[in-house]
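Analysis of the macromolecular model
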Amino acid sequence: MGWIEIVIEVAREQAEALSDALMDAGALSVSVEDADEGTDAERPLFGEPGMEPDEAAWDRSRVVALANIDCDHATLVTEAAAAISLATAPAYITRQVEEQDWVRLTQSQFAPIHIGKNIWVVPSWHDAPDSNGLILELDPGLAFGTGSHPTTRLCMEWLEAHAPHNLSVLDYGCGSGILAMVASKLGAVKVIGVDIDPQAIESANYNAERNQCQIEYALPEAFGAAHPAPEKFDIVVANILSSPLKLMAPMLAGRVAPGGALILSGVLARQAEEVAAAYAPFIQLSVWAEHEGWVALSGRLDG
């Protein structure tokens, strides 16, 4: 079985409707790209992670439809154009998609990641480069957190620099569970991860089992019921985004034990001051480190 790509350039207002019509006409998948990509006119559409634009299209959009190689692509495009009341079918080109071992190709894009001094995040199809390091076996998945993003890396480096041996750790917004697993492998005696996404909780539990880490993961409601305030933790880490971090300032700061530490990331350098200001009534935070425009804020609660 082979495939072709049908490539059509359209205006912003037509991109979404044409994409849906192509799927209805028989396309296997459809994506929308910036037709000005690689030129001076290229315009970034997506900003801070988790913040989506109102319309996933550009002024000049490139709609790319994947279809079986033996499909009648002229008819497919004509039917899609008619479905959205275009006067004429748009011009298009086709590109053949070569047969490949897609699993092997995808795996080749993910190599072991070295973080801090001694941490390695290793996909299951690789051997650990340093068997004496702190090894996390973790495959890319639906939940955020593989160590590749600067915010995750910053939090992991903080935990390595402040090893939570015999301490309790709360990872709020745990995603894949990677930060909770680092804490567990660094000697924390009690580790809890919380996330609003049930898929993240499922992924985190799976990852913890693979890495032989004893961690409790829960949705916020279950966490609150099992660990009602004023239960506190020696370390609270939250790698989310600046807006929810500001809203959760009373809650997150309220979970830090006297003398304990709070570490926040998911914060752009330009947002650091306003995030720190949101926490100022509870705990004094400052920039601990910066990487690729992102920062980690940390501070200790007066004991």
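Residues numbered from 1 in each chain as written. Predicted model: local features only at pLDDT ≥ 70, side-chain atom pairs only at ≥ 80, totals over all residues. Heavy atoms only, no water.

**Regarding the side chain of asparagine 207**
Turning to its location among the elements, asparagine 207 is positioned in helix H6 (residues 198-210). Exposure remark for asparagine 207: the relative accessible area of 4% places this residue in the buried category. Polar contacts involving the side chain of asparagine 207 include one to the main-chain carbonyl oxygen of serine 176, which spans 3.0 Å. Excluding residues within four positions of it along the chain, asparagine 207 makes contact with Leu138, Ser176 and Met181. (Helix = DSSP H or I, 4+ residues; strand = E, 2+ residues; numbered from the N terminus. Buried < 20%, exposed > 50% of the residue type's maximum accessible area, 1.4 Å probe, protein only. Polar contact = N/O pair within 3.5 Å; in protein donor to acceptor, adjacent residues only side chain to side chain. Contact = heavy atoms within 4.5 Å.)

**Overview of the environment of glycine 2**
Here glycine 2 lies in the segment before strand S1 (3-11). Along the backbone, glycine 2 and glutamate 98 are 96 residues apart, and their C-alpha atoms lie at a distance of 7.3 Å.

**Focus: the nonpolar core**
In this structure, Val121, Leu136, Met156, Ile215 and Tyr217 are the most contacted members of the largest nonpolar core, which totals 36 residues. Sequence-distant contacts of valine 121, defined by excluding residues within four places in its chain, comprise Ala111, Pro112, Ile113, Ile115, Leu136, Leu138, Thr146, Met156 and Ile178. With 27 residues, the next largest nonpolar core counts Leu170, Phe233, Leu252 and Ala253 among its residues. (Core = buried A, V, L, I, M, F, W, Y, C linked by side-chain atoms within 4.5 Å.)

**Quick notes on the environment of glutamate 33**
Turning to its location among the elements, glutamate 33 is positioned in strand S2 (residues 29-34). Residue classification places glutamate 33 among the partly exposed residues on the basis of a relative accessible area of 27%. For the pair glutamate 33 and glutamate 9, spaced 24 residues apart in the sequence, the C-alpha separation amounts to 9.4 Å. Excluding its chain neighbours within four sequence positions, the residues that come into contact with glutamate 33 are Trp58, Arg60, Ser61, Arg62 and Val64.

**What to know about the sheet that holds strand S10 (residues 216-218)**
Strands in a sheet are paired, the pairing made by backbone hydrogen bonds, and the direction either parallel or antiparallel. Spatially, S10-S9-S8-S11-S12-S14-S13 is the arrangement adopted by the seven strands of the open sheet, whose pairing is mixed. What marks the edges here is a single partner per strand, and that holds for S10 and strand S13 (286-291). Within this sheet the neighbouring strands show an average axis-to-axis angle of 15°, counted without direction. The pairing of S13 with strand S14 (residues 294-300) spans five bridges and is classified as antiparallel. Residue serine 286 lies in a different strand from S14, and its bridge partner there is serine 298. (Pairing = 2+ DSSP bridges. Axes fitted to C-alpha atoms, helices over the stretch in contact; angles between N-to-C directions.)

**Quick look at the packing of helix H4 (residues 150-161) against helix H5 (residues 178-185)**
When two helices pack together, you describe them by how their axes are tilted relative to each other and by the distance separating the axes. Running from N to C, H4 and H5 cross one another at 15°; their axes reach a closest spacing of 10 Å. Here H5 runs roughly parallel to H4, going by the angle between their axes. In the crossing of H4 with H5, the sense of the turn from one axis to the other is right-handed. For the pair H4 and H5, the contacting residues are Thr152, Cys155, Met156 and Leu159 in the first and Ile178, Leu179, Val182 and Ala183 in the second. Across the contact of H4 with H5, the residue classes break down as seven nonpolar, one polar and no charged. (Parallel < 35°, antiparallel > 145°, perpendicular 65-115°, else oblique. Left-handed = near helix turned anticlockwise from the far one by under 90°. Nonpolar A, V, L, I, M, F, W, Y, C, P; charged D, E, K, R; others polar.)

**What about the pairing of strand S3 (residues 60-68)?**
The sheet contact formed by S1 and S3 spans nine bridges and is antiparallel. Bridge assignment links alanine 11 to a residue of S3, and that residue is arginine 60. Sheet topology note: the S2/S3 ladder contains six bridges and is antiparallel. Along S3, the bridge assignment pairs glutamate 33 with arginine 62.

**A closer look at unusual backbone geometry**
Here the amide bond leading from alanine 229 into proline 230 is cis, since omega sits at 15°, within 30 degrees of zero. Looking at the secondary structure, you find proline 230 in the loop between helix H7 (220-226) and strand S11 (233-239). With phi around 55°, glutamine 212 is a residue other than glycine that occupies positive phi space. Within the element layout of this structure, glutamine 212 appears in the loop between H6 and S10. Judged by its relative accessible area of 73%, glutamine 212 falls in the exposed class.

**Digging into H4**
The end-to-end C-alpha distance of H4, which contains twelve residues, comes to 16 Å, matching closely the 16 Å that a straight helix rising 1.5 Å per residue would cover. Most of H4 is tucked away: nine of the twelve residues are buried. All of the buried residues along H4 are Pro150, Thr151, Thr152, Arg153, Leu154, Cys155, Met156, Trp158 and Leu159. (Expected span 1.5 Å × (residues − 1).)

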